Amino acid sequence: MLLTKDMNRLAAFKVMLSSEKRRVWVSICSAILCSFVEIIPWLCLYFSLNAIYEGSSPYMYLATMAIALIVRYALYTVAIWYAHLAAYHIIQKVRQHLVMALAHMKIDKLRGLKRGDIEKRITDDCQSLEPLIAHHGTDIINGLLMPVIMTSFLFYIDWWLAIIALVPLPLALTAQFLMMRGFADRQEKYTKIVSNMHQAQLEFLRSIGVMKLFAVDANSYLELSRTMRSHDKIVTTYTKQMVGAWVTFVTLAQISLTLVVPVAILLVEVGQLSLVDLVMVVCISAGLLKPWLDLTQVFSQIQQSTVSIDRILPLCSSNDGISVMYEKPLQVLSCENMAVSRGNYTVFENVNLNITPGQRVLIEGESGSGKSTLLSTLSGALSSDAGGWKINDDFVHDFDDESRSRYIAAVDQHVKFFTGTLKENLLLSKRDVKDEEIWHLLDAFGLKQLVSDLPSKLSSDIGETNRLFSGGEMQRLAIIRAALAKTPILILDEATAHLDQLNEQKALAALREYSPNQIQLIISHRYQQVKHVDAHFNVRSGSIHEVSLV
Ligand SMILES: Nc1ncnc2c1ncn2[C@@H]1O[C@H](COP(=O)(O)OP(=O)(O)OP(=O)(O)O)[C@@H](O)[C@H]1O
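Every value quoted in this text rests on a predicted model; they were computed, and no experiment measured them. Within every chain, residues take consecutive numbers counted from 1 along the sequence as written. Local features in this predicted model are restricted to residues of pLDDT 70 or higher, and side-chain atom pairs are both shown and tallied only at a pLDDT of 80 or more, whereas totals for entire chains, interfaces and linings draw on every residue. By convention in this description, side-chain values take in all heavy atoms of the structure and omit both hydrogens and water.

*Asks:* Is there a simple way to explain the confidence of the model for the chain in this structure?
*Replies:* It should be kept in mind that the predicted coordinates are not to be read in detail where pLDDT is low. Confidence scores per residue from the predictor, reported as pLDDT, run from 0 to 100. Put simply, the chain has an average pLDDT of 86, and 96% of its residues get 70 or more. Secondary structure elements follow DSSP: runs of H or I no shorter than four residues count as helices, runs of E no shorter than two count as strands, and numbering proceeds from the N terminus. Per-element confidence in the chain is highest for strand β9 (residues 489-493), whose mean pLDDT is 96, and lowest for helix α11 (residues 208-213), whose mean pLDDT is 76.

Written out as C-alpha cells, the structure reads:
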C-alpha cells in the first residue's frame, strides 16, 4: 500500500480500496444485485394479489417470492461479508504502513510527535475506516438504488402517482442543504476538539500520580477542563442545529404517503386504479424515500471517517529528503557553522568544533544554556537551522538511521528498557557479542554481583517497569548497552547523574579502557570529577568557549 502524506483523502481512499480490489468488487456487485433482486418479492406480491382478485392461483408467485427472498439474503450476506473482510485487511495494512512510516521517519520529526496523538491515529482513526468500508459502501448502493427501483414500479402502476410521490424530495433536499451548510467545517472542528480532549485525558492519566501527591483534583487540570468545556459547548450548538434540520427533513421526506394516498383513492373512485393497485401504492409510497433519508445519516458518518483519513495521512512517509548509507571509517568529527533554534528562540549560531578519535570532550554550562541541544543535533534528535555535524566531510543529518546508529550511541538521564531479557536489552545494537564480553563490562561497572544474583542472570526478564534495578544501576546498564554498540562516538548527556562519585569514576574509567579510540562527549554538572579529559567546552550565551586544561 502506497500512502503518502501529500495525497488528498479521495486518492488515499482509492489506494486503500485497490489494495483489496477483489473483495471490494465482489461486495459491490453483490450489493447491486441484491438491490435489484429486492424488487422481485414486491412484483410477486403484486401479481399474486392480482391473481387472487381475478380468481386464479397465486402459489407460483408466492414460491418465486420465497426464492427471491432467499437469494436476496444470500447476496446481502456475501456483500457484507466481503466488505468486512476487505475492511479488516485494509485497516491492518494501513496500521502496518503507519508503523513502517514511523520506523523510517527522521528521528527529529518522530520526537516532535506526541505519543497520545500517534496512539489515537493508529488505533481510533484507523478503526473508523471500518464503518466506511464495511458498511457505508453497501448502504449507499442500497440507499441509492432502492428508491429508483421502487419509483419505477410506481411508474409502472401509475406514472401520475409516481410523480406525486417524488414531489417532497426536492423540498426535503433543499431544506437539508440550507440547514446543513457548513457541516463539514463544523465536523472538522468537532473532531479536532475530540482529539485534543483525548490528548488531554492521556496527559491527565500520565500525571495522575503527581497530582495525587499534591492533592490536585481533576477540575484543576487546566488543559482537560478547557477541552471538556469546548467539547460541551460545541456538542450543545451542534445538537440544536442538527435536531432542527433532521426533524424538518424527516417530516418533508415522509409526506409522500400523505400526498399519494388521497389521489390514489380518488383514482379508484373514478375507476382508473384497481383496489390491488391501491394496496401496492400505499405499501410502496410508505417507505419510498426512507433509504434516501438513511443516506443523509450515512453521509455524515462518512464525513467523520474521511476526517480520520486526513489525520492518518500526515504520518505517512513522503520524500523528506534522501538519507544516504555511510560506511567510511571516522577520521574527524566536526561541527560546521551550526545554528540551532528551539521554538522562536535561537540557542546557537555559528558553532564550529573539531574532535578527533580517542578524544574525551567535556561539555558544561548553566542549566538551560544549550548543552543537550548541542548534542541532540548530533544524535539526530534535533535538526539544525544551518550547518551541522560532520563525520569526515559528510553531514550526519544526511545519514540513514542505520548508518547514524553505527557511528553514534547516546545515553541520557531517561533510561528506557524494553520488555525482554537483560541480555536482549543490552544487545539492542545487534552486534555479535559473547557473554564473556558482557560480563567483563558488568564487572568493570560494578554490576557483576548484582546480575549473578538474579534468578536467570543475563536471561532474567527486565520489563518497561525497570523493577529489578535502582536508578543508578539502570543508568550503568544503559551505558553498558551503548558501550556494547562499539560506536566510534558516544554521547553521555547527564548519563551518570544518578551515580555516586565513586561509581561515576569507575564507569568512566571502564568506558575509556573498553574503547580507547572512541570519541566521548560528556555533559555533566559535576564536571570537575570527570577524569582524562582532552577538551573542555563551556556553553554560555548561545556560544561555546573552549576552557584550557590545567
Ligand atoms: N521545545 C522547545 N521549545 C522552545 N525552547 C526549548 C525547547 N526545548 C528546550 N528549549 C530551551 O532551549 C534551551 C536549551 O535547552 P537544553 O535542554 O539544551 O539546555 P541544557 O543546557 O541541556 O539544560 P540542563 O542542564 O538543564 O539539562 C533552554 O532554554 C530550553 O528552555
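*Asks:* Help me understand the packing of aromatic side chains, please; the structure alone is not making it clear to me.
*Replies:* Geometry of an aromatic ring pair is reported as the spacing of the ring centres plus the angle between the planes. Between rings of Phe, Tyr and Trp, where Trp is taken as its six-membered ring, a pair exists when centres lie within 6.5 Å; planes separated by under 30 degrees are stacked, by over 60 edge-to-face, and by other angles tilted. All told, the structure shown has 7 aromatic pairs when counted by the stated rule. Residues Y46 and Y156 carry aromatic rings whose centres are separated by 6.3 Å and whose planes lie at 80 degrees to one another, so their mutual orientation is edge-to-face. Remark: Y156 occurs in helix α7 (residues 129-157) and Y46 occurs in helix α3 (residues 39-54); sequence separation between them is 110 residues. Ring geometry for W159 and W160: centres 6.0 Å apart, planes at 70 degrees, overall edge-to-face. For W159, a relative accessible area of 53% corresponds to the exposed category. Through successive ring pairs, a cluster of aromatic residues spans Y46, F47, Y61, F153 and Y156. Residue exposure (1.4 Å probe, protein chains only): buried if accessible area is under 20% of the type maximum, exposed if over 50%, otherwise partly exposed.

*Asks:* Got a minute to help me understand the pairing of β9 in this structure?
*Replies:* When a strand is regular, its side chains alternate between the sheet's two faces. Within β9, 5 of the 5 residues are buried, which leaves it mostly tucked inside the rest of the structure. Residue alternation in β9 divides its side chains into two sets, I489, I491 and D493 and L490 and L492, and both sets are buried. Pairing between two strands requires that DSSP report at least two bridges joining them. Pairing of strand β6 (residues 408-411) with β9, which is carried by 4 bridges, proceeds in the parallel orientation. Counted as the bridge partner of I408 is I489 from β9. Sheet analysis places β9 next to strand β10 (residues 519-523), joined by 5 bridges and oriented parallel. Bridged to I489 within β10 is I519.

*Asks:* Help me out: how do you make sense of the sheet that holds β6 in this one?
*Replies:* Pairing between the strands of a sheet is mediated by backbone hydrogen bonds and can be parallel or antiparallel. The 6 strands lie next to each other as β6-β9-β10-β3-β11-β12, forming an open sheet whose pairing is mixed. Looking at strand neighbours, the two that pair on one side only are β6 and β12 (543-547), the edges of this open sheet. Taken pair by pair, the neighbouring strands of this sheet meet at an average axis angle of 20 degrees, ignoring direction. Taken together, the 5 bridges between strand β3 (residues 360-365) and strand β11 (residues 535-540) define a ladder with parallel strand orientation. Within β11, the position partnered with L362 by the bridge is H536. For every element, the axis is a line fit to its C-alpha atoms; helices are fit only across the contacting stretch, and the angle between N-to-C directions ranges from 0 to 180 degrees.

*Asks:* Just to check I follow, could you spell out the sheet that holds strand β2 (residues 345-355) for this structure?
*Replies:* Strand order across the open sheet formed by 4 strands is β2-β1-β4-β5, with antiparallel pairing between neighbours. Looking at the sheet topology across the chains shown, the edges are occupied by β2 and β5 (394-395). Bridging between strand β4 (residues 386-391) and β5 involves 2 bridges; their strand directions are antiparallel. Bridge pairing in β5 places I391 opposite D394. Note on definitions: a residue-residue contact is assigned when non-hydrogen atoms from the two residues lie within 4.5 Å. Strand contacts of helix α16 (residues 371-379): β1 (333-342), β2 and β4, with the helix running at about 115 degrees to β1, the strand carrying the most contacts.

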